[in-house]
Amino acid sequence: MRALVEPVASLAPEELIRTARHAVLAGIGEEGQRRLAAARIAVVGAGGLGSPVLLSLAAAGVGELVIIDDDIVERTNLQRQLVHRVDDIGTAKTASAARAVRDLSPVTVIHERTVRLTSDNAVDLLEGADLVIDGSDTFDTREAVAAAAEAVGIPLVWGAVQEWSAQVTVFWSKPPEGYSPVVLGDLFPPGSAGEPPTCAQVGVLGSLCVQVGGLLATEAIKLVTGAGEPLLGRLVVVDALRARQDVIPLSPARRP
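Attention here is on the structure that accompanies the text. Counting restarts for each chain: residues are numbered from 1 in the order of the written sequence. Reporting of local features is limited, given that this is a predicted model, to residues whose pLDDT is at least 70; pairs of side-chain atoms are given and counted only at 80 or more, and all residues count toward the totals for whole chains, interfaces and linings. Side-chain measures were taken over the full set of non-hydrogen atoms in the model, leaving aside hydrogen atoms and water.

## Description of the packing of aromatic side chains
So, point 1. Aromatic pairs are defined between Phe, Tyr and Trp rings, using the six-membered ring for Trp, whenever the two ring centres lie within 6.5 Å; interplanar angles under 30 degrees are classed as stacked, those over 60 as edge-to-face, and all others as tilted. Taken as a whole and judged by the stated rule, the model has three aromatic pairs.
So, point 2. Summarising the aromatic geometry, the rings of W158 and F188 are spaced 6.1 Å apart at their centres and angled 50° between planes, so their arrangement reads as tilted. Within this pair, whereas W158 is found in strand 5 (residues 156-162), its partner F188 is found in the loop between helix 8 (184-187) and helix 9 (199-202), the two being separated by 30 residues in sequence.
So, point 3. Buried means the residue's accessible area, taken with a 1.4 Å probe over protein chains only, is under 20% of the maximum for its type, while exposed means over 50%, and partly exposed covers the values in between. Judged by relative accessible area, F188 falls into the partly exposed class, the value being 23%.
So, point 4. Among the aromatic residues, those joined into a ring-pair cluster are F139, W158, F171 and F188. Helical segments are the DSSP runs of H or I of at least four residues, strand segments are the runs of E of at least two, and each set is numbered from the N terminus.

## Comments concerning helix 4 (residues 50-60)
So, point 1. When you tally the buried positions in helix 4, you get eight out of 11 residues, the bulk of the element.
So, point 2. The complete set of buried residues in helix 4 reads G50, S51, P52, V53, L54, L57, A58 and A60.
So, point 3. One or two residues past the end of helix 4 sits G61, with phi positive at roughly 90°.

## Observations concerning the sheet that holds strand 4 (residues 131-134)
So, point 1. Read from one edge of the open sheet, eight strands run 3-2-1-4-5-6-7-8, paired in mixed fashion. The sheet is open, and its two borders are formed by strand 3 (109-113) and strand 8 (244-249), each paired with just one other strand. Recorded for the sheet is a direction-independent mean angle of 15° between the axes of neighbouring strands.
So, point 2. The criterion for strand pairing is that DSSP finds at least two bridges linking the strands in question. With five bridges joining them, strand 1 (residues 40-44) and strand 2 (residues 64-68) adopt parallel strand pairing. Bridge assignment links V44 to a residue of strand 2, and that residue is I68. Simply put, an axis is a line fit to the C-alpha atoms, just over the touching stretch for a helix, and the angle between two N-to-C directions goes from 0 to 180 degrees.

## Considerations on unusual backbone geometry
Phi is mostly negative for residues that are not glycine, and the peptide bonds are mostly trans.
So, point 1. Even without glycine at this site, E163 takes up a positive phi of about 55°.
So, point 2. Its place among the elements puts E163 in the loop between strand 5 and strand 6 (165-171).
So, point 3. With phi around 55°, A243 is a residue other than glycine that occupies positive phi space.
So, point 4. Residue classification places A243 among the exposed residues on the basis of a relative accessible area of 72%.

## Quick word on the side chain of R35
So, point 1. Relative to the helices and strands, R35 is located in helix 3 (residues 29-38).
So, point 2. Overall, R35 belongs to the buried group, its relative accessible area being 12%.
So, point 3. Within the local environment of R35, its side chain forms a polar contact with the backbone oxygen of V5, the two atoms lying 2.7 Å apart.
So, point 4. Excluding anything up to four places from it in sequence, R35 contacts A3, V5, E6, P7, V224 and T225. Contacts described as polar in this section are N or O atom pairs within 3.5 Å, which, within protein, must combine one atom able to donate a hydrogen with one able to accept it, while residues neighboring in sequence count only if both atoms come from side chains. Contacts between residues were defined by any pair of non-hydrogen atoms, one from each residue, lying within 4.5 Å.

What follows is the structure in structure tokens.
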């Protein structure tokens, strides 16, 4: 797949040193690193999935990160939301996450959006983003993110975790030639998902959030740089209890 983002002209000498292991990595290289520096990625949720996503993308040298979350850090978050610390309890998750991102990558520009994403503001919040990663924890928010991504035509890197299980895929309403458009409604037709139980009710494995967040960040990096093949049209299903990871084909439910 072609790269999603055009590269910046050059990187600062300190950034060349910091990201040197990407410069020799097949599929990224120096040009791919400059593409990452040019990218603007929106991350919905700075919690269990957003934490490893934000840390990974900052470490990777992404140029701009938009952090969207209206919540504050609570003590129960620290079991899985690794971007936050004990000292952050009571502060906005956007502020806590921004602090960690700046510590990893001072050149990354951070946009804190301390609001709840809804169907009314989603398009505005995603304005200018090259892609969006959804790490939210309610289906209403997921549907709002998906609808906005479809409206503006950007890729949606999507993941969900509950208990010992997870799902990861890429949705894109306007993909490049050769790929079929697959959207959230193809996996969950409107009204079919209901509202799953919260992690407070059934629990969630903290280390699984890190694993899935890493997969989400990897898909974003691949899309930005053009490396490899995206998960568009494929759904990864993780069963951590049985140490299984399966890939299931995902096709459009309706042809455009």
